[in-house]
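Chain and residue survey
Here's the letter readout for the chains.
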Amino acid sequence: MIDNPPPKTTSTPLLGGASQVFDSPHTVTFWGAARCVTGSMHLVQLGGFRILLDCGVHTGNDRPAITPPLPFPPAKLDAVILSHNHTDHVGRIHELFVEGYSGPVYCTHAAQALLEVQLLNSARIQDQEFAARKSVNLQGTAHRLSTNLARKIVDHCIPQGYEDTVEILPGIGLTLFFSGHILGSAMPVLSFRQGIRDRRLAFTGDIGRSGLPFLKPAQTLPPCDFAICESTYGDRLHDSREQMGEKLAKIFKDTMDRGGKILIPAFSLGRTQAVIHHLRQWMDESVLPLLPIYVDSPLGRSFSFIYRDFPEELAVSEPTTPEADWLHDPEDAQLASNSKESSVIIASGGMLEGGKILKHLRNHIDDPRSSLVLVSYQAPGTLGEKVLEKHPTLTFHGRTWNKWLDVQGVSGFSGHGDQRDLCQAMEPVLEKQGTVQLVHGEKEGMSALSGSLKAMGLKVGRPDVGEVWKLEATQ
Ligand SMILES: [Zn+2]
């Protein structure tokens, strides 16, 4: 049961419709993805209400040796809003409920469906580990995600359609806009009254790239006074679809000529589905040679079925599931990995931080005929970043391996927009001469994007962890 009253829904934006005027200061405190890329978590205080945007984990170099407790009392939150389902945005959500939160979780319909699969899968794994007494440290036990807790969290989700405005708390409206990043990804916009003015605070979550249609493009935000904007690729422009096709064609041809395999690590959610789609399309267009595509990603397969349930978010009409040979068990995966034929193996573990890809990498890392193609952002400190270094060896799974396979990065697959996409997304903030706070980026990306946004005429900040932003509009 949800303790808060059910929200009111309206199809018109809450402009001037707010019933309550807040005079006390409004603030945002940045608790994650501040001057780094992962751990998205921002606490919005509007009057006396406390609203959490995302609740993600840190990965790679951002990950502390011991996960610190949540920096606020979850029981005192009034609402939680999820931008999308990647773990750096949602991975700590169960901790909120373990520590006393019992309110609503606002997200899109697809995000709720994906969350159910994610949480139940995590609970199953943790149940197995717990039963095997592998998970004996106290902290792990205290934050264990049980199947019951997973179901409770999903029951607390209140899904809402894109562009519908819901009054989630007295005088506070929430509208979700599609961000084009993964299925169900949203840019939440909070609307509220400040003095005699109506204000909007937008949070981009992660914004998808343009020019590589698989999902529909990001929607345009309404004019906003305040925005929290990601900056992952704020310092670069992505390759075009044609450039990516040409680059992959060379990798495919060279690998086939050598008689090797093409390994592609991909996140189960989002990247796997997009990579299958684009490879198939390029093969249909004869840009790429026709090769078998095997996919070793059980969770990716579950997510692909959910993609088919929400065709309205896709820019393409064909289903993604039957387009590849999904490897259902470890024996099939081993056979595909050891076969003599040239083939593509897409496997879970986008940054090589675990997942099925490591098994295939072990099989082929010292095979100079094969190629490893990285199609995702590689966070600092991850094995994915290390494998890109020009170093003849790579250490993982307790030993050092000769790195003789060819390693290539193809960045254009990114689910994140480039500098041009991000600047375009922030144009509605310019309309109200608003302020943008950059999060979810490394120093170089933030710095370059900050310069571009300032050149557009925007006020731009780059908050530190724990920094409090007072929402003070100029108009
Ligand atoms: Zn994401």
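Residues numbered from 1 in each chain as written. Predicted model: local features only at pLDDT ≥ 70, side-chain atom pairs only at ≥ 80, totals over all residues.

Regarding its fold elements, the protein presents 14 helices and 24 strands. Here the C-alpha atoms of the protein give a radius of gyration of 22 Å, agreeing with the 23 Å that 2.2 N^0.38 yields for 475 residues. On the principal axes, the C-alpha backbone points of the protein span a range of 70 × 55 × 40 Å. Within the span of the protein, comprising 475 residues, buried residues form 49% of the whole. (Helix = DSSP H or I, 4+ residues; strand = E, 2+ residues; numbered from the N terminus. Rg over C-alpha atoms; globule rule 2.2 N^0.38 Å. Buried ≥ 20, exposed ≤ 12 C-beta atoms within 10 Å, placed from the backbone.)

The next point concerns the sheet that holds strand 15 (residues 293–296). Pairing in this open sheet of six strands is parallel, and the strands run 16-15-17-14-18-21 from one edge to the other. Either end of the sheet is taken by a strand with one partner, and the two such strands are strand 16 (325–326) and strand 21 (406–409). Packing against the sheet, helix 10 (residues 357–364) makes contact with strand 14 (262–266), strand 15, strand 17 (344–348) and strand 18 (371–374), and its axis sits at approximately 155° to strand 14. (Pairing = 2+ DSSP bridges. Contact = placed C-beta atoms within 7 Å. Axes fitted to C-alpha atoms, helices over the stretch in contact; angles between N-to-C directions.)

Below, the discussion takes up the sheet that holds strand 8 (residues 157–159). Spatially, seven strands are ordered 8-7-6-5-4-3-24 in an open sheet, and the strand pairing comes out mixed. Two strands close off the open sheet at either side, each with one partner strand: strand 8 and strand 24 (468–470). Taking each pair of neighbouring strands and ignoring which way they run, the sheet shows an average axis angle of 25°. Strand direction decides the pairing type here: strand 3 (residues 27–32) and strand 4 (residues 41–46), joined by five bridges, are antiparallel. Among the inter-strand pairings, Thr 29 is bridged to a residue of strand 4, identified as Leu 43. Across the sheet, helix 3 (residues 109–131) is in contact with strand 7 (105–107) and strand 8; its angle to strand 8 comes to roughly 145°.

This part is about the domain arrangement of the protein. According to the domain assignment, the protein consists of domain 1 (8–236 + 415–470) and domain 2 (241–413). Centre-to-centre, using C-alpha coordinates, domain 1 lies 29 Å away from domain 2. Facing the 25 residues of domain 1 at the interface are 26 residues of domain 2. Top contributing element to the side of domain 1 that touches domain 2 by residue count: helix 3, with five residues. Among the residues forming the side of domain 1 that touches domain 2, the class breakdown is twelve nonpolar, eleven polar and two charged. (Domains from an automatic or database assignment. Nonpolar A, V, L, I, M, F, W, Y, C, P; charged D, E, K, R; others polar.)

Further remarks concern the pairing of strand 18. Here strand 18 shows a buried face lined by Ser 371 and Val 373 and a second buried face lined by Leu 372 and Leu 374. Relative to strand 18, strand 14 runs parallel, the two sharing two bridges. Bridged to Ile 262 within strand 18 is Ser 371. As judged from the four bridges shared by strand 18 and strand 21, these two strands associate in the parallel manner. Across the sheet, residue Leu 372 finds its bridge partner in strand 21, namely Val 407.

Before going further, it helps to spend a moment on the nonpolar core. Counting 123 residues, the largest nonpolar core has Val 80, Ala 227, Ile 264, Val 275, Ile 346, Met 426 and Val 436 as the members making the most contacts within it. Top element by residues in this core is helix 3. It accounts for seven residues. In this structure, this core is formed jointly by two domains, domain 1 (8–236 + 415–470) and domain 2 (241–413), each of which donates at least three residues. Aside from chain neighbours lying at most four places away, what touches Val 80 is Leu 52, Cys 55, Leu 96, Gly 103 and Val 105. (Core = buried A, V, L, I, M, F, W, Y, C linked by C-beta atoms within 7 Å.)

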